[in-house]
Amino acid sequence: MRETELLIPAGSLDVLKTAVIYGADAVYLGGEAFSLRAKARNFTNDEIREGIAFAHEHGVKVYITANILAHNEDLPGVEAYFEELKEIHPDALIISDPGVFAIARRVLPDMELHISTQANNTNYGTYLFWHQMGAKRVVSARELSLKEIREIRDRIPEDMEIESFIHGAMCISYSGRCLLSNFLTGRDANQGACTHPCRWKYALMEETRPGEYMPVFENERGTYIFNSRDLCMIEHIPELIEAGIDSFKIEGRMKTALYVATVARTYRKAIDDYKKDPELYRKNLDWYRAEIAKCTYREFTTGFYFGKPDAESQIYDNNTYVKNYTYLGTIEEVRPDGWCRIEQKNKFSVGEAIEVMKPDGRNVEVTVRGITDENGIPQESAPHPKQILYVDLGTELSPYDILRRSEMDPETEG
């Protein structure tokens, strides 16, 4: 059985550290340029250095995305950026553009190079081409079935790696190449500036009746005609492993620490359980399903893995997320008296029942016994995001424990 890497996204240094603690084998991130998430906060070079040092201390790899589809004006900057990365030493670069790939081979001859899903890698011939060019790994197009991936695995060298997305948002596009944003707003998704118009609500207007809007109906279910469900393969770990996929990739470089921790911890346990004993994996399926539903999502689909998606893979009646839990904060420091420092993310109050999510898989229900501001002044509640607070939860806590609150009706939980 091949080794299985769990590859987790990081949109900030704090989220990178969360991903590492909650079970990632590797993380991927974007620098301040040439990454396809221009709206993410992304990393300065100093933050990349700190993130790599933290990850390597925990035996975790760091990959940097440089996967824009470059124009002429981008190439000098790409070269200068790769010169900077010489001193930073990431474990690999993720690239989609052949011109950018050529610069990386010249400037960073010893760097491991991975080919982004943006390069539309849909057949074993493409994998063999990139192997001949010097790539170590190719990220499969999202449009591939498990049957196709198994055939690719059989036809490429043993030392070449396959990486595939197994969880997260799906684009209504081909392998992430989309023109909607550029056409409607002038912001190019292929340059990292997507405005996500696939999630917008649309109406029809007849040419001779300007201003008279008619709703778009698809099977009488609504108007969100481009809105895909989110990919989730937590119930299909055996099939993914048997297909020969080396790296299980999670989408979400713009997600919160709660999302990243929840997905990383759940897939970590599922992979480890299956490799330890397939029966243990099957026994714990209900736990995986329940945990993965605790992060924000848009209902789930298996994407293209078992054949082409049909109308049931779309969400026509709304563009909202399912949000079962709210992120309250991450424990940053534990004082000798047991009070814990957090940067508060959402409102909570003294006397409220919340849940502590721990990296080892435990969820601990607690009651908020006390809140003070950073000057020690007692507070009844924490209404303002990004406040530095100290909380007394009456239980033993550790840095990187995550505080969250269930938003589900108690009668429907479990």
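Criteria and cut-off values
- Residues numbered from 1 in each chain as written.
- Predicted model: local features only at pLDDT ≥ 70, side-chain atom pairs only at ≥ 80, totals over all residues.
- Heavy atoms only, no water.
- Helix = DSSP H or I, 4+ residues; strand = E, 2+ residues; numbered from the N terminus.
- Buried < 20%, exposed > 50% of the residue type's maximum accessible area, 1.4 Å probe, protein only.
- Pairing = 2+ DSSP bridges.
- Contact = heavy atoms within 4.5 Å.
- Axes fitted to C-alpha atoms, helices over the stretch in contact; angles between N-to-C directions.
- Core = buried A, V, L, I, M, F, W, Y, C linked by side-chain atoms within 4.5 Å.
- Parallel < 35°, antiparallel > 145°, perpendicular 65-115°, else oblique.
- Left-handed = near helix turned anticlockwise from the far one by under 90°.
- Nonpolar A, V, L, I, M, F, W, Y, C, P; charged D, E, K, R; others polar.

K.L.:
Explain unusual backbone geometry to me, and be specific about the residues and the numbers.
P.N.:
For histidine 89, which is not a glycine, the phi torsion comes out positive at approximately 60°. Assignment of secondary structure puts histidine 89 in the loop between α3 (75-85) and β4 (92-95). On the basis of relative accessibility, which here comes to 52%, the residue histidine 89 falls in the exposed class.

K.L.:
Just give me the short version of the sheet that holds strand β15 (residues 353-357), but keep the residues and values in it.
P.N.:
Here we have 8 strands laid out as an open sheet, ordered β16-β15-β20-β13-β14-β19-β17-β18, and antiparallel in their pairing. Only two strands of the sheet have a single neighbouring strand rather than two, namely β16 (363-367) and β18 (378-379). The pairing of β15 with β16 spans 5 bridges and is classified as antiparallel. Each bridged residue has a counterpart across the sheet, and for methionine 357 the counterpart in β16 is asparagine 363. Packing of helix α9 (residues 257-276) onto the sheet brings it into contact with β13 (325-334), β15, β16 and β20 (402-406), and relative to β20 it is tilted by some 95°.

K.L.:
Account for the nonpolar core, naming residues and giving values.
P.N.:
Of all hydrophobic cores here, the largest spans 93 residues; its most connected members are Phe82, Leu93, Ile237 and Tyr267. If we ignore the near neighbours within four places in the chain, the residues touching isoleucine 237 are Phe248, Tyr267, Ala270, Ile271, Tyr274 and Tyr281. If you look at the next biggest cluster of nonpolar residues, it comprises 16 residues, including Ile331, Val391, Leu393 and Leu397.

K.L.:
Give me the side chain of threonine 18: which residues, what numbers.
P.N.:
Looking at the secondary structure, you find threonine 18 in helix α1 (residues 13-21). When residues no more than four places from it in sequence are discounted, the contact partners of threonine 18 are Ala257, Ala261 and Ile402.

K.L.:
Could you give an account of the packing of α1 against α9, with specific residues and numbers?
P.N.:
One way to put it is that α1 packs onto α9 with a least axis distance of 9 Å and a crossing angle of 20°. Taken together, the axes of α1 and α9 are roughly parallel relative to one another. The two elements α1 and α9 meet at a crossing, and its hand is right-handed. Contacts from Val15, Thr18 and Ala19 of α1 reach α9 at Ala257, Val260 and Ala261. For the contact of α1 with α9, the class distribution of residues is 5 nonpolar, 1 polar and no charged.

Keep in mind these numbers describe shape, not what the thing actually does.
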